[in-house]
Amino acid sequence: MAYWQTLSRSLVLPFLALPLVAVLMHVASWSFVTDGVAHVCRVVALTVLSAMPYVFAVAIALGMTRQAPQAGIAALIGMFVCTHVAYGDQASVFAGVIMGMVTAIVYEQCKDVQFPGWVQFFGGSRFAVLAVSIGSMAVGLLFVVGAPMINKAVHTVAAVVLDDGGGFAVFAYGVVHRLLVPLGLHHLINHVVLFQIGSYTTDGITVTGDVSRFFAGDPRAGRFMAGLFPVMMGALPAAALAMWRSALPAMRKRVGLLMGSAIVASFGVGITEPIELAFLFVAPWLYIVHAVCTGFMMWLAYVLDVRHGFSFSAGVFDFVINAHASHNIHWLFVIGIVGAIGYYVLFRFAIERWDLPTPGRRADAVVLHDAASTQYDRVERIVAALGGMSNIVQIDACVTRLRLIVHTPSLVDAEALRKLGAFGVIFIGERSVQVVFGTASERIRERIVDSVQRPHTNAVSLRAPWSGRLVPLDEVPDPVFAQRLIGDGVAIMLTDHMMVAPVSGVVTLIYPTGHALGLRTPEGIELLMHVGIEEGVRDPSHYAVVVHIGQAVRVGEPLMRCTHVTDALIGVLVVCTAPRGSIEHVGDDVRDVYVTAGTSIVMTVRAHQGGQSDDQ
């Protein structure tokens, strides 16, 4: 699954070139532009479209090798060799995809090749470039042999989809496309439909796919894209409006800020995940209905012979700038208005009839938006919520989400990520995690990568030692803790009497009665975990300690169990000594927040590596 997610993300990169094509074609359509200028704009746009096979080859090679520049060079060289061997002049997008995938595989196998010292210059990643260049000749010859069969298969599929499939093909594409969005795999089917199906030749240049054919002027293109405009500009914004109106009156203002930004993203540039994830997890059946309705609206646009296209997504920007090449787009306004009314009524009814916990339906449902505006300043807390930098194996980002491979998915705190601005957290397969931050995702990824390159500091996440309800530390009935004389921390009204390690470290203290334990982290942070405030609950028989001093423990590992249950047993986690820096609580108002032992992050401590403070 991780492989297909990476491939899907890589297929998005070539879209970066399409807005230029849209702008140039738009300028060429202006009536007051001279023929010479219009001709130049059109030639440049068609040149970009003809270069898409090479763009796909390089994009896939880079995307699947963690942006290794040698892989990009190897893919480009290999693509030129393969093209001239197999096609003679103009390549196909299919060949570009195959070359990109082959390059990534060869690069990963060859990047660590070692030669004797006197020829090691040609080893490693340099050898990968050489191997791909040679291998591309073999790939080209395979295309020569298989070209007739490949072309026949492509033309057959195109005929079935474009001619025989008709409206059903458009409907099926719409449904499957929306169902794949939560998994981040929708770009796989997007690539086939938008860049592979159908061909069109103009000015001696042949392009394939609904997108390229639309911009090249194919009168049959745009049928697979047109029906998405009323969905993204009408239906989904109406669903967001319904969720806002269904929020509790006290929460409506905050939900309005959240849904307002989501509506702008959907209507303006066609980014729909912030709205869709707001109801996907609380009502999956409603998302399936949404997928079917999307397919229906796309089918309706096909029946009404509407043709329109986009360079990025079906937002108002692409709607306006590409209107000159569209056909019958007045029907999109009708479909969009009807769809908006239908979605608003459907969502209001579903939310209130089944009391769906959409944003604002619970008192704590929209805390995330308070953090969303400052999430760039909370990258360390985002890393902590992901289980720490050591839990991250690989991190990438596409337009709307972080795509991660982690060592231990259970260390990822989805609730903490939502409070830090994530619209949703999706676990796929064994170790793949996607965190949807909207259009901020790429910037967050860059900040996380930058933090790796600053090894002098790191954030240590402290998880709840007990399950229970958080209470403000200053309300603990003990002045030593309430006045933070030992240090800052959190208090928990216990609902489960097993104490677990809030972080990996070494046990440094076990109080004789067993009600208090100390722990030191590898960063040198000293922690104290204390249970029971009143003297009467400190009977040694009430506490069963299962570790010993000097024992190394991992986060979530049991430390002690309370054998005597009381109605108001309070546990306190205190940071006794820490290098100078900030200790951040997960929320400013911790009252009535429930946490789970070993899972929920309750504090983040910024520590200097090696346990050395600035004061030393």
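It should be emphasised that the depicted structure is a prediction, and the values quoted were computed from it without experimental measurement.

Student: Looking at this model, I keep getting lost on the overall build of the protein. Mind explaining?
Tutor: If you tally the helices and strands in the protein, you get 21 helices and 20 strands. Residues classed as buried in the protein amount to 54% of the 616 residues present. For the protein, the proportion of contacts with a sequence separation of at least 24, taken over those separated by at least 6, is 70%. With an accessible surface of roughly 26200 Å², the protein has 63% of that area assigned to carbon and sulfur atoms.

Student: Whenever I open this one, unusual backbone geometry confuses me. Can you help?
Tutor: Peptide bonds are trans in most cases, and residues, glycine excluded, mostly fall at negative phi. At Asp305, a position not held by glycine, the phi torsion is positive, near 60°. Locating Asp305 in the fold gives a position in the loop between helix H14 (284-303) and helix H15 (316-321). In the Ramachandran plot, Asn328 falls in the positive-phi region, its phi being about 60° despite a non-glycine side chain. Mapped onto the fold, Asn328 is located in the loop between H15 and helix H16 (330-353). A relative accessible area of 24% means that Asn328 is categorised as partly exposed.

Student: Explain the packing of helix H11 (residues 228-245) against H16 here, please?
Tutor: Any two packed helices are characterised by the angle at which their axes cross and by the distance between the axes. Taken N-terminus to C-terminus, the directions of H11 and H16 make an angle of 30°; their axes are 7 Å apart at the nearest point. Taken as axis vectors, H11 and H16 run roughly parallel relative to one another. The two elements H11 and H16 meet at a crossing, and its hand is right-handed. For the pair formed by H11 and H16, the contact residues are Phe229, Pro230, Gly234, Ala235, Leu236, Ala238, Ala239, Leu241, Ala242, Met243 and Arg245 on the first element and Leu332, Ile335, Gly336, Gly339, Ala340, Tyr343, Tyr344, Phe347, Arg348 and Ile351 on the second.

Student: For this particular structure, what's the right way to read the side chain of Ser266?
Tutor: Here Ser266 shows up in helix H12 (residues 252-269). Once residues within four sequence positions are removed from consideration, Ser266 is found in contact with Met232, Leu236, Pro237, Ile271, Thr272, Ile275 and Gly315.

Rules of the game
- Residues numbered from 1 in each chain as written.
- Predicted model: local features only at pLDDT ≥ 70, side-chain atom pairs only at ≥ 80, totals over all residues.
- Heavy atoms only, no water.
- Helix = DSSP H or I, 4+ residues; strand = E, 2+ residues; numbered from the N terminus.
- Buried < 20%, exposed > 50% of the residue type's maximum accessible area, 1.4 Å probe, protein only.
- Contact = heavy atoms within 4.5 Å.
- Areas by Shrake-Rupley, 256 points an atom, 1.4 Å probe, with all protein chains shown as cover.
- Axes fitted to C-alpha atoms, helices over the stretch in contact; angles between N-to-C directions.
- Parallel < 35°, antiparallel > 145°, perpendicular 65-115°, else oblique.
- Left-handed = near helix turned anticlockwise from the far one by under 90°.

Keep in mind that these numbers describe shape and distance, not what the molecule does.
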